[in-house]
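# Architecture and fold: a report
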Amino acid sequence: QVQLVESGGGLVQAGGSLRISCSVVGRTLNMYYMAWFRQAPGKEREFVASVNWNGFNKDYADSVKGRFIISRDTRKDTIDLQMDSLKPEDTAVYFCAAGPRGGFERTQYNFWGQGTQVTVSS
């Protein structure tokens, strides 16, 4: 049994910062790629960022490049997403995901958390 548990979501003003985290519970997924996706009301779930097992290979959606940083702590088996210069369009439920290889599509990840709400006010 593997569970991904997100935390750290909340309400922030536009231009502000927020850091969300994902913890792996059950068994280690240290050899997996891990990623953040997000889904706003009425929209499809979209890729945000991913990181490989050793933390050296990172990818970002164009919409968040230069503003978000994904990191991985293999000792704690967690990933974090530092979100800076937040915009109202960043408002969404943010989901943690894990899969055997990196990618930009939901189907490339087979473990998912329940999500944490991030709301950015104007």
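Please read all numbers here as calculations on a predicted model, not as lab measurements.

## Thoughts on the pairing of strand β3 (residues 18-25)
- Only one face of β3 is buried, namely the one carrying Leu18, Ile20, Cys22 and Val24, since none of Arg19, Ser21, Ser23 and Val25 on the opposite face is buried.
- Across six bridges, β3 lies against strand β8 (residues 78-83) in antiparallel orientation. Looking across to β8, one finds that Leu18 is bridged to Met83.

## Quick look at the environment of Ser85
- Take Ser85: it is sitting in the loop between β8 and β9 (92-99).
- In this structure, Ser85 is in contact with Gly15, Gly16, Ser17, Arg67 and Asp90, ignoring residues within four places of it in sequence.

## Some details on the packing of aromatic side chains
- Throughout the structure, instances matching the rule amount to six aromatic pairs.
- On the basis of an interplanar angle of 75 degrees and a centroid distance of 5.3 Å, the ring pair of Phe37 and Tyr109 is categorised as edge-to-face. Placement of the pair is Phe37 in strand β4 (residues 33-39) and Tyr109 in the loop between β9 and β10 (111-112), with a sequence separation of 72 residues. Like Phe37, the residue Tyr109 is buried in the burial classification.
- Three or more aromatic residues link up through ring pairs in this structure, and these residues are Phe37, Phe47, Phe104, Tyr109 and Trp112.
- Across from the ring centre of Phe95, 3.6 Å away, lies the NZ or CZ of Arg45, which sits over that ring.

Procedures and definitions
Residues numbered from 1 in each chain as written. Predicted model: local features only at pLDDT ≥ 70, side-chain atom pairs only at ≥ 80, totals over all residues. Heavy atoms only, no water. Buried < 20%, exposed > 50% of the residue type's maximum accessible area, 1.4 Å probe, protein only. Helix = DSSP H or I, 4+ residues; strand = E, 2+ residues; numbered from the N terminus. Pairing = 2+ DSSP bridges. Contact = heavy atoms within 4.5 Å. Phe/Tyr/Trp six-rings, centres within 6.5 Å; stacked < 30°, edge-to-face > 60°. Lys NZ or Arg CZ within 6 Å of the ring centre and 35° of its normal.

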